[in-house]
Amino acid sequence: MIIEAKGIEKSFGPLKVLKGLDFYADAAEIVAIMGASGAGKSTLLQILGTLLRPESGSLTIDGIDALSLGRNDLSDFRCRKIGFVFQFHHLLPEFTSLENVMIPALIAGTGKAQAKEKAIQLLDTLGLADRLKHKPSELSGGEQQRVAIARALVNSPAVLLADEPSGNLDSATKEELHKLLLELRSNLKQTMVIVTHDPTLAAICDRTLNMKDGMFV
C-alpha cells in the first residue's frame, strides 16, 4: 500500500471539515475523489500531500510515518515522495519548460546534468521534445499542464496528487490529458490520487470515492 490514512480529522475554527476519514491507495492505482464543493476533497488532498496537518489520525506514505517527521525532514520527504498537479499549473513564467521541470530535482539535490537528462526524458515522453526552450506564455494550456505533470514526476515520487487537473482545459485537451494519465500509470506504475468534478475523468480511474460533509459515502 503506497498511501494509508486512518481516522483523519481536520477543523478550521468551529467548522469540522474532515470527520475521521480512512483512505488508502495501492501501487499503480488511480483513485478519484468526487463530491460537491465544500465536501472536504481538497483539504484531504492537502493532508495526503503533507501540506496540512490533521488534528488526529495517522498517515503513512511509501512506508514512512509522515506525521512523525520534523519540518525539515518533512519538506525533503514531500519533495522526493509526492508530486503535485493543480488546475492552474503554476509554472514559473520566466523559466523555460526544461528549467521548470528541472527545478524540483535541483531542490532535491540532484546534480544539474542528471536533472537535465531526467527533465528532457520526461518532456519527450509527454510529447514536448520540441518545446524544451519555450516559456509558459509560448505554450498552449494543454502543453503547460503537461509541463506541470513532468515537473511533478521529475523526482520519481511515490504518489502523484492532482487537484482538478483537467478543470481548466477544453474538451479535446481534457481527453488527451486523461489518456496521458493512463499511460503514466501503465509505463511508470505511478500511483495517483485525483480530486475532480469531471465524471469522464473519474470513469477512467480504478476507484471513485464520493465525499459528502467530510466523509466518504
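In this report, we go over the structure that sits alongside the text. (Residues numbered from 1 in each chain as written. Predicted model: local features only at pLDDT ≥ 70, side-chain atom pairs only at ≥ 80, totals over all residues. Heavy atoms only, no water.)

### Quick notes on unusual backbone geometry
For step 1, the next point in the chain: Positive phi, normally seen in glycine, also occurs at Asp-62, with a value near 50 degrees.
For step 2, the next point in the chain: By the element assignment, Asp-62 lies in the loop between strand 4 (56-61) and strand 5 (64-65).
For step 3, the next point in the chain: With a phi angle near 50 degrees, Ser-156 is a residue other than glycine that sits in the positive phi range.
For step 4, the next point in the chain: In this structure, Ser-156 sits in the loop between helix 5 (141-153) and strand 7 (159-163). (Helix = DSSP H or I, 4+ residues; strand = E, 2+ residues; numbered from the N terminus.)

### What to know about the nonpolar core
For step 1, the next point in the chain: One finds Val-101, Leu-123, Val-147, Ile-149, Leu-184, Met-192 and Ile-194 to be the most contacted residues of the largest nonpolar core, which totals 35 residues.
For step 2, the next point in the chain: Of all the secondary-structure elements, those providing two or more residues to this core are strand 3 (30-35), helix 3 (97-107), helix 4 (112-125), helix 5, strand 7, helix 6 (171-188), strand 8 (191-195) and helix 7 (199-204).
For step 3, the next point in the chain: Per element, the largest residue contribution to this core is six residues, and it comes from helix 5.
For step 4, the next point in the chain: With sequence-adjacent residues up to four places away left out, Val-101 is seen in contact with Ala-119, Leu-123, Val-147, Ala-150, Arg-151 and Val-154.
For step 5, the next point in the chain: In this structure, Ile-3, Val-17, Phe-23 and Ile-47 belong to the second largest nonpolar core, which totals 31 residues. (Core = buried A, V, L, I, M, F, W, Y, C linked by side-chain atoms within 4.5 Å. Buried < 20%, exposed > 50% of the residue type's maximum accessible area, 1.4 Å probe, protein only. Contact = heavy atoms within 4.5 Å.)

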